[in-house]
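Descriptive analysis of the structure
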Amino acid sequence: MTGAKTTADVQLTVGEQYLALETVQATAGNHGIVMAPLNAQTGMVALDPGFLNTAACTSKVTFIDGEAGVLRYRGYPIEQLAGESTFLEVAMLLIRGELPTRHELEAFEARIDKHMYLSDDFRQIFSVMPRRAHPMATLGAAVNMMAGFYPESLDPLDPAAINLATALLLAKMPTIISYIYRRAQGNALLYPQHGQSYIENFARMTFQLPGERFEVPEVFYRALDTLLILHADHEQNCSTSAVRMIGSARANLYMSVSGGVSALSGPLHGGANEAVLEMLSYIRDSGITPLDFMTRVKDKAGGLKLMGFGHRVYKSYDPRAAIVKQHADAVLEALGVRDELLDIAYEVEQVALSDDYFIERRLYPNVDFYTGIIYRAMGFPASMFTPLFALGRLPGWIAQWREMVADPSGKIGRPRQVYVGPGLRDYVPLAVRDPR
Ligand code: ACO
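Presented here is a report on the structure given in the accompanying data block. Just so it is clear, the model here is predicted, and its values are computed rather than measured.

A few points about the pattern of salt bridges
- Scanning the model with the defined rule gives 12 salt bridges in all.
- In this structure, the salt-bridge partner of Arg222 is Asp225, at a minimum N-O distance of 3.5 Å. Placement of both Arg222 and Asp225 in helix 9 (residues 218-231) is noted, with a separation of three residues, approximately one turn of the helix.

If you want it as structure tokens, here you go:
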């Protein structure tokens, strides 16, 4: 655990017992109370379902101020990075902690370029997955399989192995995702081309049709790069916590990241971008108004939620959503796409932002609300939205995993519980408790 500890400046009284607890001072945001002595000294545990109050670690990677709508990677505001940086530069920043020099960035890009290729054996795995499989199921399996294909990069205590696994994951993930899409489409898998940029290679391997030149406007690449930057890290979210938890058992990076892919697939997390599009399509196709839909949401009928709204940490406008919204119109126009779902989304947002239910609960659009509309305009089907999120989040997962394994005070993740089940009772054999 890093961060300056202060001497016992929090007092906690538990029954007759008096505990003086140390704090860790944050450089920004919430300070932490060190709860380690609680169990040892009182026999009690902190009960905090969903970790609403619990910091699982100290971290230097990403800072969020949910009240003010602030997001920074390694201190740099997301607005500046999204406007001026590139995805691979941001990946380096997250993973190493500092921005690279030009030479370092070019060397890193060259290393990624070198590794984008997948061997024919690896390519086989896409043909055994059912075409109907959800892309996130195949993605999780493929990332797990990397542990089998690259055994020289597994040791979580060897810096060279970690660097190799980092490069292999970043390099092969776009190829894997493009193959998942092509397999579902029934199209042949293409090879990466050396010298093409990361984003160009990904887009071409995904969309190029046999015998056709692949040409998209520059705005396509820039928008995709920006969306990946916006997703690149988000501190201790569900999938990142899963990656850290798995890695805390000294599982290798691939298997840890595969766990992150699984967590991300859930509709309350990364799967929300797909759910948003389904929701907007439903409003359009069923002919109900956004206002009517909102009434149903507020009635909580069948647990209906306004997908793409609300966030555990942001209690104001998600800064990533603000950037995506700014771009949505321009990107669609440049791509020559007119999408009525965007108009419905604007209307839904308008209704929500002026409705007491959403105002009182401080529910604003999150990053997933507008991303799907841009991905759709680019030609991605809804089932590919969450894999795109995973590609974006990959540097964050890697950076957080690396921070965790490098922490000398790190411990295996192992929450406690408050047991509320039956007390001690004796087993009664089946023949006695339910005689024939
Ligand atoms: N639509 C309607 N009501 C909502 C929504 C929503 N999207 N989100 C929260 N609420 C309501 C809850 O029903 C609850 O109401 P109550 O006080 O009357 O019981 C209140 O707001 C607080 O919500 P919680 O569920 O306690 O908030 P929590 O922090 O646990 O959940 C979450 C955050 C999961 C993101 C939630 O807002 C949600 O389900 N949103 C929709 C799914 C979504 O967009 N997920 C993507 C999140 S961003 C990301 O992962 C990239």
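Quick notes on the site of the ligand
- Lining the immediate surroundings of the ligand are 21 residues, of which Lys300, Lys305, Leu306, Gly308 and Arg312 lie closest.
- A distance of 2.5 Å separates an oxygen atom of the ligand from a polar side-chain atom of Lys300.
- Tyr357 places a polar side-chain atom, nitrogen or oxygen, 2.8 Å from a nitrogen atom of the ligand.
- In isolation the ligand offers 920 Å² of accessible surface; the protein chains occlude 74% of this area.
- Its residues placed into classes, the shell around the ligand shows 11 nonpolar, five polar and five charged.

Digging into the side chain of Lys172
- When you line up the elements, Lys172 lands in helix 7 (residues 159-185).
- One buried charged residue, Lys172, forms no salt bridge at all, with the nearest opposite charge on Glu152 at 8.8 Å.

Topic: the side chain of Asn252
- Positionally, Asn252 belongs in the loop between helix 10 (238-248) and helix 11 (253-264).
- A distance of 3.1 Å separates a polar side-chain atom of Asn252 from the backbone nitrogen of Tyr254.
- When sequence neighbours within four positions are dropped, the list of residues in contact with Asn252 reads Ala147, Leu154 and Trp401.

As for helix 3 (residues 87-96)
- Taken across its 10 residues, helix 3 has nine buried, putting it largely inside the fold.
- For helix 3, the full list of buried residues reads Phe87, Leu88, Glu89, Val90, Ala91, Met92, Leu93, Leu94 and Ile95.
- One or two residues past the end of helix 3 sits Gly97, with phi positive at roughly 105°.

Digging into the packing of aromatic side chains
- Per the counting criterion, the structure on display carries 20 aromatic pairs.
- Taking the centre distance of 6.2 Å and the plane angle of 55° together, the rings of Tyr282 and Phe293 count as tilted. Taken as a pair, Tyr282 in helix 12 (residues 272-286) and Phe293 in helix 13 (residues 290-299) lie far apart in primary sequence, 11 residues in all.
- For Phe293, a relative accessible area of 4% gives the class buried.
- With a centroid separation of 5.1 Å and 90° between ring planes, the pair formed by Phe309 and Phe369 is classed as edge-to-face. You can see Phe309 sitting in the loop between helix 13 and helix 14 (319-334) and its partner Phe369 sitting in helix 17 (residues 368-378), a full 60 residues away along the chain. Comparing Phe309 with Phe369, the two get one shared label, buried.
- Taken together, the ring pairs in this structure connect Tyr181, Phe202, Phe207, Phe220, Tyr221, Tyr375, Phe380 and Phe385 into an aromatic cluster.
- If you follow Arg123 out to its NZ or CZ, it ends over the ring of Tyr191, 4.1 Å from the centre.
- One cation-aromatic arrangement involves Arg361 over Tyr357; the distance from NZ or CZ to the ring centre is 3.8 Å.

The rules behind the values
Residue numbers here run from 1 along each chain, matching the order of that chain's written sequence. Only residues with pLDDT of 70 or above have their local features reported here, since the model is predicted, and side-chain atom pairs are shown and tallied only from 80 upward, although totals for entire chains, interfaces and linings are computed over all residues. For side-chain calculations, the full set of non-hydrogen atoms in the structure is used, while hydrogens and water are omitted. Should a side-chain nitrogen of Lys or Arg be within 4 Å of a carboxyl oxygen of Asp or Glu, the pair is scored as a salt bridge. Numbering of helices and strands runs from the N terminus; a helix is a DSSP stretch of H or I covering at least four residues, while a strand is a stretch of E covering at least two. If a single non-hydrogen atom of a residue is within 4 Å of a molecule or strand, that residue counts as near it. Contacts described as polar in this section are N or O atom pairs within 3.5 Å, which, within protein, must combine one atom able to donate a hydrogen with one able to accept it, while residues neighboring in sequence count only if both atoms come from side chains. To measure how exposed things are, a 1.4 Å probe is used in the Shrake-Rupley method; for residues, cover is taken only from the protein chains shown. Note that Gly is not counted as nonpolar here; it falls among the polar residues with everything else outside the nonpolar set of Ala, Val, Leu, Ile, Met, Phe, Trp, Tyr, Cys and Pro and the charged set of Asp, Glu, Lys and Arg. For the exposure calls, accessible area comes from a 1.4 Å probe over protein chains only, and a residue counts as buried if that area is under 20% of its type's maximum, exposed if over 50%, partly exposed in between. His is not counted, nor are the chain ends; Lys and Arg add positive charge and Asp and Glu add negative charge. Contacts between residues were defined by any pair of non-hydrogen atoms, one from each residue, lying within 4.5 Å. Classification of ring pairs rests on two measures: the distance between centres of Phe, Tyr or Trp rings, Trp counted by its six-membered ring, which must be within 6.5 Å, and the angle between planes, read as stacked under 30 degrees, edge-to-face over 60 and tilted in between. Only Lys NZ and Arg CZ are tested; either one counts as a charge over a ring when it is within 6 Å of the ring centre and within 35 degrees of the ring normal.

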